[in-house]
Amino acid sequence: MLTPAAGSQPGSSPDWKGPGPWVVVRQSAARLLCSPPMDETTDDILFVDRPGALEALCERLRGSPWLALDTEFHRETTYRPQLCLVQIATPDLTACIDPLALESLDPLLDLLYDGGVLKVLHAPRQDLEIFHYLRGAPFAPVFDTQLAAPLLGHPDQAGFANLVGAILGVRLAKAHTRADWRRRPLPAAQLRYAGDDVRYLAPLYQRLRAGLEEHGRLDWLDAEFAALSDPARYENPPEQAWRKLRGADRLRGPSLAVLQGLAAWRERTASAEDRPRGWLVKDDTLFDLARMMPASDQDLRHVRGLNEGVVRRHGVAVLESIRTARERAPEPVPAHRAGRRLAPEGDALVDLLMAVVRVRALEHRLSPAVLAPRPEIERLVAGDPGSVLHTGWRRELIGEELGRVLRGEQALRVAEGALCVEPVAP
Ligand SMILES: [Zn+2]
């Protein structure tokens, strides 16, 4: 489900600004390779819904050094996403596999979990999460076209349709993001859309890879790609559930402890019942409960937004969770989350570092916003170890240098009308 990035609109490329002046991707052959779908025939898509056909497909794909991969799923009514379709493409074929019709996906999983096969996806967090649920860990290695594109001058977090438009010159049909992928038989338009997600992902990968190789940037993303396959990314330990609640850092003392306890209770219960978290208790209501700390069944019924069925089935557990949590010391909120707003001196430092970023971005022919986004520089100045400037290619290219400037080990100077960043003489 190649979900478009926030702020970008699938299939509406006209208002999308093409790559900036640092463009290094050429538009050429692929334009001829793929013409946009003129109708809704799906004859060229291999639809796999029988075990024999799945075996045959996987046999055919074995030995491919890489595969373009996408999934469609349904997660509106469950805690765990339900896998509804798996699309795979190579330069030779496009296939859609129907997990709802197949009792076992083992041949496919064996192929995907083969460490010798590179899996190419676009923004694969949700896809990898599904496979994490299916096999207990995400597969590796992976290549994310959304992460790769900015290294070649494309915007950060670009949506799939926008990249296909910019790089392949193909305008994709409107996304079927609201479609119900459990439906069978799948309407032709939906199947065509699902097939296109991988049909164009394959040449997109080839173009991005060639560009990265040409500029010696292929290994820049090694750490970020490896991190995508880290199982810890897809685990939701109940004790940590509160960290995902926006505004948790505004609570203190017993209220914070109660919020933490209730969030853990909700995570465990939603997982056990395989129902969406919000169906049990909405985030806002968790905060109300944490502030009000109801102590009796009677109190509970006065909490607005708390569903009566939930009070009936889980009232005792909720009250117990509140009672034990309020006695505990809360887990501390990380410092950088509590005081996110920088002092004016901090803002001045961010501006100074921005100047260093501009100098290096020019040298590397990257957009400054891609090399070091301002919010990440703010995190760096605030001492947040989670800043992306502390990892991967950004650390090497700019993060370490910004650290040296912050520690006063490197200084800025103007020489012959240009900004220089130099070590401070001892
Ligand atoms: Zn998709």
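Scroll up to find the structure this text is about.
Everything quoted here is computed from the prediction, not taken from an experiment.

Visitor: Can you help me understand the overall build of the chain in this one?
Guide: Across its full length, the chain carries 19 helices and eight strands. Residues counted as buried form 35% of the 426 residues belonging to the chain. If you take every contact in the chain between residues at least 6 apart in sequence, the share linking residues at least 24 apart comes to 68%.

Visitor: How should I be thinking about the sheet that holds strand E1 (residues 46–48) in this particular structure?
Guide: The strands making up a sheet associate through hydrogen bonds between their backbones, and the pairing can be parallel or antiparallel. In space, the six strands of this open sheet follow the order E1-E4-E3-E2-E5-E6, with mixed pairing throughout. Looking at strand neighbours, the two that pair on one side only are E1 and strand E6 (142–144), the edges of this open sheet. Going across the sheet, the axis of each strand differs from the next one's by a mean of 25°, ignoring polarity. Bridge count for strand E3 (residues 82–89) against strand E4 (residues 94–97) is four bridges, and the pairing is antiparallel. Bridge pairing links Gln-87 to Cys-96 in E4.

Visitor: Whenever I open this one, unusual backbone geometry confuses me. Can you help?
Guide: Trans peptide bonds make up most of the peptide bonds, and negative phi angles are found at most residues other than glycine. Geometrically, the link from Ala-140 to Pro-141 is a cis peptide bond, its omega value of -10° lying close to zero. The step from Arg-184 to Pro-185 runs through a cis peptide bond, and the omega angle for that step is -10°. Within the secondary structure, Pro-185 is located in the loop between helix H6 (160–168) and helix H7 (188–199). At Asp-274, a position not held by glycine, the phi torsion is positive, near 50°. Along the chain, the position of Asp-274 falls in the loop between helix H10 (253–273) and helix H11 (277–280). Exposure remark for Asp-274: the 11 C-beta atoms within 10 Å place this residue in the exposed category. The phi dihedral of Glu-416 is positive, around 50°, even though this residue is not glycine.

Visitor: I keep staring at the pairing of strand E7 (residues 410–415) and nothing clicks. Help me out?
Guide: Along any regular strand the residues' side chains alternate between the sheet's two faces. In terms of residue burial, E7 counts as a barely covered element, since only zero of its six residues are buried. Where E7 lies against strand E8 (residues 418–423), six bridges are found, and the strand directions are antiparallel. Paired with Leu-412 across the bridge in E8 is Val-421. Taking the residues that link successive antiparallel strands as the turn, the E7-E8 hairpin has two residues, and the phi of Glu-416 there is positive, at about 50°.

Visitor: So what exactly am I meant to see when it comes to the nonpolar core here?
Guide: Within soluble globular proteins, side chains that are nonpolar generally end up buried alongside one another. The biggest cluster of nonpolar side chains holds 57 residues, and the ones touching the most others in it are Ala-68, Ile-88, Val-164, Leu-201 and Leu-204. Here the element with the most residues in this core is H6; it accounts for seven residues. Filtering out sequence-adjacent residues up to four positions away, Ala-68 remains in contact with Ile-88, Ala-89, Val-120, Val-198, Leu-201, Ala-202 and Tyr-205. Counting residues in each nonpolar core, the second largest holds 23 residues, with Ala-248, Leu-262, Ala-270 and Leu-306 among its members.

Visitor: So what exactly am I meant to see when it comes to the packing of H10 against helix H14 (residues 308–327) here?
Guide: How two helices pack is summed up by the angle between their axes together with the distance between the axes. Where H10 contacts H14, the axes come no closer than 8 Å and their chain directions differ by 145°. The chirality of how H10 crosses H14 is right-handed. Judged by residue contacts, Pro-254, Ala-257, Val-258, Gln-260, Gly-261, Leu-262, Trp-265 and Thr-269 of H10 engage His-314, Ala-317, Val-318, Ser-321, Ile-322, Thr-324, Ala-325 and Arg-326 from H14. Here the contact of H10 with H14 is built from residues that sort into nine nonpolar, six polar and one charged.

Visitor: Would you mind going over helix H19 (residues 392–406) with me for this structure?
Guide: Structurally, the α-helix is built with 3.6 residues per turn, so residues lying three or four positions apart point the same way. If you check H19, its first and last C-alpha atoms are 20 Å apart, about what 15 residues at 1.5 Å a residue would give, namely 21 Å. Approximately 45° is the largest bend angle found in H19, and it occurs at Ile-398. Every buried residue of H19 is accounted for by Arg-394, Ile-398, Gly-399, Glu-401 and Leu-402. Immediately beyond the C-terminal end of H19, within one or two residues, lies Gly-408, with a positive phi of roughly 80°.

Visitor: Just checking my understanding: could you explain the environment of Ala-248 for this structure?
Guide: Mapped onto the secondary structure, Ala-248 falls in the loop between helix H9 (222–228) and H10. Ala-248 sits in the buried class, given 21 other C-beta atoms within 10 Å. Ala-248 sits eleven residues away from Leu-259 along the chain, and the two C-alpha atoms are 7.8 Å apart. If we skip the residues at most four places from it in the chain, Ala-248 touches Trp-242, Arg-243, Leu-259 and Val-333.

Visitor: Teacher, can you tell me more about H6 here?
Guide: In terms of burial, H6 is a largely internal element, nine of the nine residues being buried. Among the residues of H6, Phe-160, Ala-161, Asn-162, Leu-163, Val-164, Gly-165, Ala-166, Ile-167 and Leu-168 are the ones counted as buried. In the stretch just after H6, Gly-169 is the one whose phi turns positive, near 65°.

Conventions we followed
Residues numbered from 1 in each chain as written. Predicted model: local features only at pLDDT ≥ 70, side-chain atom pairs only at ≥ 80, totals over all residues. Helix = DSSP H or I, 4+ residues; strand = E, 2+ residues; numbered from the N terminus. Buried ≥ 20, exposed ≤ 12 C-beta atoms within 10 Å, placed from the backbone. Contact = placed C-beta atoms within 7 Å. Pairing = 2+ DSSP bridges. Axes fitted to C-alpha atoms, helices over the stretch in contact; angles between N-to-C directions. Core = buried A, V, L, I, M, F, W, Y, C linked by C-beta atoms within 7 Å. Left-handed = near helix turned anticlockwise from the far one by under 90°. Nonpolar A, V, L, I, M, F, W, Y, C, P; charged D, E, K, R; others polar. Expected span 1.5 Å × (residues − 1). Bend = angle between axes of the 7 residues up to and from the residue.

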